[in-house]
Amino acid sequence: MNEFTKTYKSLDGNKWSLNFPVFLFDRDWFRLKKVKLYDLAKELKPDNSQEAPELIQYQQLLKEGHDHLLAIQECWNEFGIEDFHRSLRNSSEWKSKGNNGWTFKKYAELLIGYRNIIENKQLSIPIIILARNPNEDHELEWISDEFISELTIAD
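In what follows, the accompanying structure is described. (Residues numbered from 1 in each chain as written. Predicted model: local features only at pLDDT ≥ 70, side-chain atom pairs only at ≥ 80, totals over all residues. Heavy atoms only, no water.)

1. Considering helix α4 (residues 68–79)
Compared with the 16 Å implied by 1.5 Å per residue over 12 residues, the 16 Å span of α4 between its first and last C-alpha is a close match. All of the buried residues along α4 are Ala71, Ile72 and Cys75. Down the axis of α4, the buried side of the element spans an arc of 100 degrees, and every buried residue falls inside it. In α4, the exposed positions that point more than 90 degrees away from the buried face belong to Leu69, Leu70 and Asn77. Buried positions along α4 lie against α3 (53–63) and α5 (81–97). The N-capping residue of α4, defined by a side-chain oxygen 3.0 Å from the backbone nitrogen of leucine 69, is aspartate 67. The first or second residue beyond α4 is glycine 80, which carries a positive phi of 95 degrees. (Helix = DSSP H or I, 4+ residues; strand = E, 2+ residues; numbered from the N terminus. Expected span 1.5 Å × (residues − 1). Buried < 20%, exposed > 50% of the residue type's maximum accessible area, 1.4 Å probe, protein only. Arc of directions from axis to C-beta. Contact = heavy atoms within 4.5 Å. Polar contact = N/O pair within 3.5 Å; in protein donor to acceptor, adjacent residues only side chain to side chain.)

2. Brief notes about the pattern of salt bridges
The final tally for this structure, using the stated rule, is nine salt bridges. Linking glutamate 3 and lysine 34 is a salt bridge whose minimum nitrogen-to-oxygen distance equals 2.9 Å. Placement of glutamate 3 in helix α1 (residues 2–11) and of lysine 34 in strand β2 (residues 31–36) is noted, with a sequence separation of 31 residues between them. The exposure class assigned to glutamate 3 is partly exposed, which follows from its relative accessible area of 28%. Ionic pairing is found between arginine 132 and aspartate 28, a salt bridge with its closest N-O pair at 3.4 Å. One end of the pair, arginine 132, is in the loop between β3 (125–130) and β4 (139–143); the other, aspartate 28, is in the loop between β1 (21–26) and β2, with 104 residues separating them in the sequence. Residue classification places aspartate 28 among the partly exposed residues on the basis of a relative accessible area of 46%. Beyond isolated ion pairs, a larger network of salt bridges with shared partners links Glu3, Lys6 and Lys34. (Salt bridge = Lys/Arg side-chain N within 4 Å of Asp/Glu carboxyl O.)

3. As for the sheet that holds β3
Think of a sheet as strands paired side by side through backbone hydrogen bonds, with each pair either parallel or antiparallel. Judged by pairing direction, the sheet is mixed, and its four strands sit side by side in the order β2-β1-β3-β4 without closing on themselves. Of all the strands in the sheet, just β2 and β4 have a single pairing partner and so form its edges. On average, adjacent strands in this sheet sit at an angle of 25 degrees to one another, irrespective of strand direction. Note that β1 and β3 share four bridges and pair parallel. The residue bridging leucine 24 from the neighbouring strand is isoleucine 128, located in β3. Of the strands in this sheet, β1, β2, β3 and β4 touch α1, which is tilted by about 165 degrees from β1. (Pairing = 2+ DSSP bridges. Axes fitted to C-alpha atoms, helices over the stretch in contact; angles between N-to-C directions.)

4. Comments concerning the nonpolar core
In globular proteins that are soluble, nonpolar side chains generally tend to be buried together. Counting 27 residues, the largest nonpolar core has Leu37, Leu40, Tyr114 and Ile128 as its most contacted members. Listed by contribution, the elements that provide at least two residues to this core are α1, β1, α2 (37–43), α6 (104–119) and β3. Leave out the neighbours within four places in its chain, and leucine 40 touches Val22, Leu24, Val35, Trp102, Tyr107, Leu110 and Ile128. Membership of the second largest hydrophobic core comes to six residues, among which are Tyr58, Ile72, Cys75 and Phe84. (Core = buried A, V, L, I, M, F, W, Y, C linked by side-chain atoms within 4.5 Å.)

Next comes the structure, spelled out in structure tokens:
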């Protein structure tokens, strides 16, 4: 609670930067960690495996009704066998270890949303509530003045 209040007050009136904080809350260990936006991708690595142009092209060919072997062959011709298989392997690794829904798209949306909030002279700090198991998604919430007031009243 004190960390939320202190951080919130320290940001009031500041201009947007990648030094703005993001909280990560691990419910299993009841641990709160504050990281800078700049370090968020290192701390909570987003899954960008589905953003690979090789996989995007492959999925598009399948949607258009191409046979999967012909789609693979076309991707081999366009991107090379090694690059195509590296993309498939990366995608498979992410699927096996799980990403708790934390994709590059969600990461980018957090950055854009945070910046828009600050540039509109509002103040909210993102908190990512980490999933407890591989089948859950991480949850994104925003700490605002209202949120802090409710916590203070609850005490």
